[in-house]
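Next come the chains, spelled out residue by residue.
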Amino acid sequence: MKKLHYSWIILIVAFFAIIVAGIIRSSSGVFIEPFEKEFNWSRPMISFAFAVGLFLYGFSGPFMAAFVERFGLKRVMLYSMALLAIGLSLTFIMNSSWQLILIWGVMIGIGSGLFLTVLSTQVANRWFVKRRGLAVGILTAATATGQLVLLPVLAALVEYYSWRYAIGLILALSVIMLLLILYFIKEWPHDVQTTALGLTARSQAAQPTDAKPSGNPFKMVWDSLLEGIKSKTFWLLAGSFFICGLSTTGLVGTHFIGYCMSFGIPMVFAASLLSFMGIFDLIGTTLSGWLSDRFDNRWLLFIYYAFRGLSLIFLPFALQHGSVTLLVIFAIFYGLDWIATVPPTIGLTRREFGIEKSAMMYGWMVAFHQVGAAVATFGGGLLYNAFDSYTSAFVLAGIFCGLGSLFVILLRKHNPREDSIGT
């Protein structure tokens, strides 16, 4: 029997680490109403705390990429997961709004940064040559799947017991992941006497090296930003990714449950729809990774953004008619497209900036993604207060997706088969 290549073990552990970080970060949508009731905090204030978390986890991306290069993948994974566990523990004793901002804005925002931004790129670059796009697709799928799959369980714990039980569950998962990371994660293939999956003499030149840079990681991040702002490709990808964050994590991830409840749909059912999306995201984003190894990534992005925009505009129609069938149709189509944009965005970033710089440059694009997410999280709360409805927020997000599809088609033609050989 052929022995399993250690690259797949690294991918499996990273997959579950991303799922746990995603569960922790996205559980904010379940806690808005319980925090509002127990602590008498306003919805815009709670939305602001969660928006800070979205903003910081996005902007931590390029820094996390630099820290991984400077201090090592395993160490940064351990510290990040530990920060999540500490933040969850402190949630049990918080009693002021500034503490919510510190814990769920700063600590959980930064702690989830590595897992939900550049970890998929780092693992794929170091451990895969063959099936690199597929690896990115699987890990990217974990980002959204983790954010969605346990939401019905957390919602049920909140509804039938207390939000503290839900926090306890995700805290236990974070501690388990700490142990798995400690035992299984290795820095480089040669640490376990192997090579990256599919490495050949021809593709050797396109592989990252294990030499740790000696410079200041903050300067590395700054230099990468300066390089990016001179590139048309960077701005087009960053702009489209701003819209991606606005239309997914920021709006749907935070306000979808509240939007459904405003039409009389129970919290657990609304959370189940999000979980259902997570299942289809796993399919869609993994498939997107496979496609990104084979087809022009520009056209993949064009299709993804166009279909996402149409589905967001369709959602108010489905809710107003109160049709379970229409909501399930929305969940399927939106779920398939939830973050299918990530593998082709990473592919285009790798093509433009090279494999050595791709993680950090992608980290900056994730920063733009999370600015969009933070805008939608806070803006969605403001629009709800102004109009007593989320409809305008979802329709606006759909229109922005149409704009994003136009951004990506302006990029130059892409041949993904050239990426693995460094041409």
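Criteria and thresholds
- Residues numbered from 1 in each chain as written.
- Predicted model: local features only at pLDDT ≥ 70, side-chain atom pairs only at ≥ 80, totals over all residues.
- Heavy atoms only, no water.
- Helix = DSSP H or I, 4+ residues; strand = E, 2+ residues; numbered from the N terminus.
- Rg over C-alpha atoms; globule rule 2.2 N^0.38 Å.
- Buried < 20%, exposed > 50% of the residue type's maximum accessible area, 1.4 Å probe, protein only.
- Contact = heavy atoms within 4.5 Å.
- Areas by Shrake-Rupley, 256 points an atom, 1.4 Å probe, with all protein chains shown as cover.
- Lys, Arg positive; Asp, Glu negative; His and termini not counted.
- Charge placed at Lys NZ, Arg CZ, Asp CG, Glu CD.
- Salt bridge = Lys/Arg side-chain N within 4 Å of Asp/Glu carboxyl O.
- Polar contact = N/O pair within 3.5 Å; in protein donor to acceptor, adjacent residues only side chain to side chain.
- Phe/Tyr/Trp six-rings, centres within 6.5 Å; stacked < 30°, edge-to-face > 60°.
- Lys NZ or Arg CZ within 6 Å of the ring centre and 35° of its normal.
- Core = buried A, V, L, I, M, F, W, Y, C linked by side-chain atoms within 4.5 Å.
- Patch = residues over 30% accessible without salt bridge, like charges linked within 9 Å, V, L, I, M, F, W, Y side chains within 5 Å.

## A short note on the overall build of the protein chain
Now for step 1: The number of helices and strands found in the protein chain is 19 helices and zero strands.
Now for step 2: Its C-alpha atoms give the protein chain a radius of gyration of 20 Å, within 12% of the compact-globule value 22 Å for 423 residues.
Now for step 3: On the principal axes, the C-alpha backbone points of the protein chain span a range of 60 × 50 × 45 Å.
Now for step 4: For the protein chain, with 423 residues in total, the buried portion stands at 60%.
Now for step 5: Looking at the protein chain alone, contacts between residues at least 24 apart form 86% of all its contacts between residues at least 6 apart.
Now for step 6: For the protein chain, the exposed surface amounts to about 16300 Å²; the carbon and sulfur share of it is 69%.
Now for step 7: Side-chain charges in the protein chain split into 28 positive and 19 negative, and the spacing between the mean points of these groups amounts to 7 Å.

## Considerations on the pattern of salt bridges
Now for step 1: Considering all chains together, one arrives at three salt bridges under this definition.
Now for step 2: A salt bridge links Arg-126 to Glu-187, with the shortest nitrogen-to-oxygen separation between them at 3.2 Å. One end of the pair, Arg-126, is in helix α7 (residues 119-127); the other, Glu-187, is in the loop between α10 (163-184) and α11 (217-229), and 61 residues separate them in sequence.
Now for step 3: Residue Arg-126 is classed as buried on the basis of its relative accessible area, which comes to 4%.
Now for step 4: On the accessibility criterion, Glu-187 (18% relative accessible area) is buried.
Now for step 5: With a shortest N-O distance of 2.8 Å, Arg-298 and Asp-296 are connected by a salt bridge. As far as burial versus exposure is concerned, Arg-298 and Asp-296 are alike and both buried.

## Structural notes on the environment of Tyr-334
Now for step 1: Mapped onto the elements, Tyr-334 comes out in helix α16 (residues 324-336).
Now for step 2: Taking the C-alpha atoms as reference points, Tyr-334 and Asp-281, separated by 53 residues in sequence, lie 8.2 Å from one another.
Now for step 3: Beyond its immediate chain neighbours, meaning those up to four positions away, Tyr-334 contacts Ser-247, Thr-248, Val-252, Met-277, Arg-308, Ser-311 and Leu-312.
Now for step 4: There is a polar contact of 2.5 Å between the side chain of Tyr-334 and the backbone oxygen of Ser-247.

## Things to note about unusual backbone geometry
Now for step 1: In this model, Asn-40 sits at a positive phi of 60°, which is unusual for a non-glycine residue.
Now for step 2: Mapped onto the fold, Asn-40 is located in the loop between α2 (28-39) and α3 (43-71).
Now for step 3: A positive phi angle, close to 55°, is found at Gln-193, a residue other than glycine.
Now for step 4: Topologically, Gln-193 is positioned in the loop between α10 and α11.

## With respect to the packing of aromatic side chains
Now for step 1: As enumerated under the stated definition, the model contains 30 aromatic pairs in all.
Now for step 2: With a centroid separation of 5.9 Å and 75° between ring planes, the pair formed by Tyr-259 and Tyr-390 is classed as edge-to-face. Of this pair, Tyr-259 sits in helix α13 (residues 252-261) while Tyr-390 is found in the loop between α18 (355-387) and α19 (391-408), placing the two residues 131 residues apart along the sequence.
Now for step 3: With a relative accessible area of 0%, Tyr-259 lands in the buried category.
Now for step 4: Every member of this aromatic cluster is reached through a ring pair, and the members are Phe-31, Phe-35, Phe-39, Trp-41, Phe-50, Trp-104 and Trp-163.
Now for step 5: When the ring centre of Trp-188 is taken as origin, the NZ or CZ atom of Arg-126, which lies over that ring, is 4.1 Å away.

## So, the nonpolar core
Now for step 1: Ranked by internal contacts, the top residues of the largest apolar core, which has 134 residues, are Phe-35, Leu-100, Phe-115 and Ile-181.
Now for step 2: Of all the elements, helix α1 (residues 6-26) adds the most residues to this core, at 13 residues.
Now for step 3: Residue contacts for Phe-115: discarding those within four places in its chain leaves Ala-17, Ile-18, Ala-21, Met-77, Ser-80, Met-81, Leu-84, Thr-143 and Ile-181.

## Focus: a nonpolar patch on the surface
Now for step 1: Judged by side-chain polarity, Ile-313, Leu-396, Ile-399, Phe-400, Leu-403 and Leu-406 come together as a nonpolar surface patch covering roughly 530 Å² of accessible area.
Now for step 2: Element by element, the count of residues in the nonpolar patch is highest for α19, at five residues.
Now for step 3: Summarising the element assignment, Ile-399 is placed in helix α19.
Now for step 4: A relative accessible area of 54% places Ile-399 in the exposed class.

## A look at the side chain of Ser-174
Now for step 1: Tracing the sequence through the fold places Ser-174 in helix α10.
Now for step 2: Among the residues examined, Ser-174 registers a relative accessible area of 0% and is labelled buried.
Now for step 3: For Ser-174, the side chain forms a polar contact with the main-chain oxygen of Leu-171, separated by 2.6 Å.
Now for step 4: In this structure Ser-174 touches Val-20, Ile-24, Met-81, Ala-85 and Leu-88, once residues within four positions along its chain are discounted.

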